[in-house]
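Structure assessment
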There are 2 protein chains.
Amino acid sequence: MRKNTARRYFMISLGAKTFAPVTPVWVVGTYDHEGRPNVMTAAWAGICCSKPPSIYVSLRKATSTYGNLMERKAFTISFPSEAYVKEVDCFGLVSGRECEKLSTTKLTPIKSDVVDAPYVEEFPVVLECKVIKVVEIGLHTEFIGEILDVKAQQTVLDENKMPDVEKVKPLVCSLSDMTYRKVGENIGKSFSIGKVILKQKGAKNAP
Amino acid sequence: MRKNTARRYFMISLGAKTFAPVTPVWVVGTYDHEGRPNVMTAAWAGICCSKPPSIYVSLRKATSTYGNLMERKAFTISFPSEAYVKEVDCFGLVSGRECEKLSTTKLTPIKSDVVDAPYVEEFPVVLECKVIKVVEIGLHTEFIGEILDVKAQQTVLDENKMPDVEKVKPLVCSLSDMTYRKVGENIGKSFSIGKVILKQKGAKNAP
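What you are looking at is a predicted structure, and each value in this text was computed from that prediction instead of being measured.

What counts as what
Residues numbered from 1 in each chain as written. Chains lettered and ligands numbered in written order. Predicted model: local features only at pLDDT ≥ 70, side-chain atom pairs only at ≥ 80, totals over all residues. Heavy atoms only, no water. Helix = DSSP H or I, 4+ residues; strand = E, 2+ residues; numbered from the N terminus. Buried < 20%, exposed > 50% of the residue type's maximum accessible area, 1.4 Å probe, protein only. Salt bridge = Lys/Arg side-chain N within 4 Å of Asp/Glu carboxyl O. Least-squares fit on C-alpha atoms with pLDDT ≥ 70 in both. Contact = heavy atoms within 4.5 Å. Pairing = 2+ DSSP bridges. Axes fitted to C-alpha atoms, helices over the stretch in contact; angles between N-to-C directions. Buried area = accessible area lost by both parts, 1.4 Å probe. Polar contact = N/O pair within 3.5 Å; in protein donor to acceptor, adjacent residues only side chain to side chain. Nonpolar A, V, L, I, M, F, W, Y, C, P; charged D, E, K, R; others polar. 1 Å grid on protein atoms, 1.4 Å probe; cavity = no way out; pocket = protein on both sides within 12 Å on 5 of 7 lines; lining within 4 Å. Points joined across faces, edges and corners; volume = space filled by probe spheres on them. Disulfide = S-S within 2.5 Å.

**A closer look at unusual backbone geometry**
- Look at the link from Lys51 of chain A to Pro52 of chain A: it is a cis peptide, with omega at -5°.
- Summarising the element assignment, Pro52 of chain A is placed in the loop between β5 (45-50) and β6 (53-60).
- Residue Met178 of chain A is not a glycine yet carries a positive backbone phi of 50°.
- As for its placement among the helices and strands, Met178 of chain A is situated in the loop between β12 (171-174) and β13 (179-189).
- We classify Met178 of chain A as partly exposed; its relative accessible area is 28%.
- Of note in the backbone geometry, Lys161 of chain B takes a positive phi value of approximately 60° without being a glycine.
- On the secondary structure map, Lys161 of chain B appears in the loop between β11 (140-153) and α4 (165-168).

Here you go:
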């Protein structure tokens with residue numbers, strides 16, 4: 001399939017490792033065995049099924065959240081706004097065993113009315129999840145949770161009653177320089193901006 | 001644990017659904033049974049283990065990529081730059097069954113030297129993966145792949161020989177308004193910017 005031309009890009013092998021240029025910032029909320037709320041900042045999480053609506057988070061056994069999830073089988077995922085970048089970073093700096101992260105950061109745990117887990121009141125969007133599958137991979141264990149409800153602060157909703165990215169102001173993390181980043185400029189509509197290529201005269205094999 | 005104060009934020013229930021304010025843009029490369037390269041733009045993917053380094057992609061059975069993955073047990077994940085936003089959108093607009101997406105978009109498939117799958121030459125970073133686990137969740141099936149190598153164009157590497165986010169210029173997708181976005185402004189260093197809270201005089205329970 002490869003065209004018989006010289007390669008234009010010289011590719012360097014970086015070895016077998018985890019890498020993605022950028023990931024969203026996910027905050028996982030759980031209760032421990034005494035009902036104390038804990039939060040951690042996770043990079044390895046993401047939606048993994050639409051029916052049932054599901055999301056995973058991958059954790060090392062050494063984390064407090066791992067133990068809490070094995071016991072309680074429930075968690076929340078909160079999406080923090082830019083304004084809370086220091087607090088979010090703090091969640092990743094210490095373990096729930098050594099520090100009550102929510103009181104330290106002066107943030108407020110709210111008990112979910114749907115699952116046995118807390119979320120952070122100040123963060124604009126939260127997913128409330130019950131664990132439906134636990135997948136052992138290696139150093140990390142993947143917890144797949146069914147999303148039983150999505151909740152959002154009324155003030156961040158758009159006219160379609162969905163969270164507005166310009167109001168939520170979500171954080172992403174750049175893994176190459178380990179920096180938190182704002183979500184930037186809009187450069188095109190999904191399922192739309194590519195149509196111009198399909199319409200171009202001379203596009204081969206266009207449907 | 002909840003403080004006995006009135007809630008400051010009115011939370012609206014949006015129901016059980018998949019939602020995340022923003023996701024990276026992942027391009028999955030596979031070969032079909034006749035060795036034809038196919039690419040698709042996926043939203044539901046992410047790193048899921050550090051040892052072995054692993055990444056998942058969740059797919060509906062209806063996609064060409066699902067069939068290719070079940071047969072070939074190998075895939076690549078490419079990270080496109082902003083400059084290719086139209087091409088990337090095109091990959092999501094049509095099925096590999098009805099359109100040869102790479103020739104239509106004038107992009108170049110390169111056969112991986114590590115796994116039985118192609119990647120897109122023009123995209124600056126690629127992960128080469130073999131399937132190590134298939135997890136049935138519901139409408140989507142999760143394919144977990146071990147990352148056997150990460151490759152990057154020499155021109156996007158920083159002084160530590162890692163891909164530089166300012167040169168890769170990765171895309172993210174805002175799911176609330178279905179737009180492609182640039183990665184924006186740096187607003188703080190990870191594992192660093194939160195230390196100020198732990199050092200604050202009067203921070204309760206700081207370690």
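**Observations regarding the pattern of salt bridges**
- The full count for this structure, using the stated rule, is 28 salt bridges over all chains.
- A salt bridge links Arg8 of chain A to Glu122 of chain B; the nearest nitrogen and oxygen atoms lie 2.7 Å apart. Taken together, the positions of Arg8 of chain A in the segment before β1 (11-15) and Glu122 of chain B in the loop between β9 (118-120) and β10 (125-136) put the pair across two chains.
- For Glu122 of chain B, a relative accessible area of 5% translates into the label buried.
- In this structure, Lys151 of chain B and Glu128 of chain B form a salt bridge, with 2.6 Å as the shortest nitrogen-oxygen distance.

**So, the relation of the copies chain B and chain A**
- With an RMSD of 0.0 Å, the operation that places chain B on chain A is a rotation of 180° combined with a shift of 0.0 Å along the axis. The operation mapping one copy onto its partner corresponds to a two-fold rotation axis. Relative to the rotation axis, the C-alpha of Gly184 of chain B is the closest in chain B, positioned 2.0 Å from it.
- Counting the interface residues of chain B, we find that 100% of their copies in chain A are interface residues as well, pointing to one common contact surface.

**Observations regarding the sheet that holds strand β12 (residues 171-174) of chain B**
- Spatial ordering of the open sheet is given by β2(A)-β12(A)-β13(A)-β13(B)-β12(B)-β2(B), a layout of 6 strands whose pairing is antiparallel. Each of the sheet's edge strands pairs with one partner strand only, and the pair in question is β2 (22-24) of chain A together with β2 (22-24) of chain B. On average, each strand axis in the sheet is tilted by 45° relative to the strand beside it, whichever way the strands run.
- In the sheet, β12 of chain B pairs with strand β13 (residues 179-189) of chain B via 4 bridges, with the strands oriented antiparallel. What sits directly across from Leu171 of chain B, in β13 of chain B, is Lys182 of chain B.
- Sheet contacts for helix α2 (residues 85-93) of chain A: β12 and β13 of chain A together with β13 of chain B; angle to β13 of chain A, the most-contacted strand, approximately 120°.
- Those strands touched by helix α2 (residues 85-93) of chain B are β13 of chain A together with β12 and β13 of chain B, and its axis lies near 120° from that of β13 of chain B.

**Some details on the interface of chain B and chain A**
- The interface is formed by 125 residues belonging to chain B together with 125 residues belonging to chain A.
- Considering only the surface of chain B that becomes buried against chain A, Met11, Phe19 and Ile47 of chain B emerge as the three largest contributors, covering 6% of it.
- Linking chain B with chain A are 56 residue pairs in polar contact (both at pLDDT 80 or more).
- The class makeup of the residues in the side of chain B that touches chain A is 66 nonpolar, 28 polar and 31 charged.
- Bridging between β1 of chain A and β11 of chain B involves 4 bridges; their strand directions are antiparallel. Its bridge partner lying in β11 of chain B, Met11 of chain A is registered against Gln153 of chain B.

**A few points about empty space enclosed by the protein**
- Under the defined criterion, the tally for this structure stands at 3 cavities of 30 Å³ or more.
- Around the largest cavity, the lining is made up of 18 residues, and of these Pro24 and Ala45 of chain A together with Pro24, Trp26 and Ala45 of chain B lie nearest the centre.
- Among the elements of the structure, β2 and β5 of chain A together with β2 and β5 (45-50) of chain B are those that each provide at least two residues to the lining of the largest cavity.
- Considered class by class, the residues forming the lining of the largest cavity number 14 nonpolar, 4 polar and no charged.

**With respect to the state of the cysteines**
- Enumeration over the complete set of coordinates arrives at 0 disulfides over all chains.
- Not engaged in a disulfide, the cysteine Cys173 of chain A finds its nearest cysteine sulfur in Cys90 of chain A; these two sulfurs lie 15 Å apart.
- There is no disulfide at Cys48 of chain B, and the cysteine sulfur nearest it, in Cys49 of chain B, is 6.6 Å away.
- In this structure Cys48 of chain B comes out as buried when scored by relative accessible area, which is 0%.

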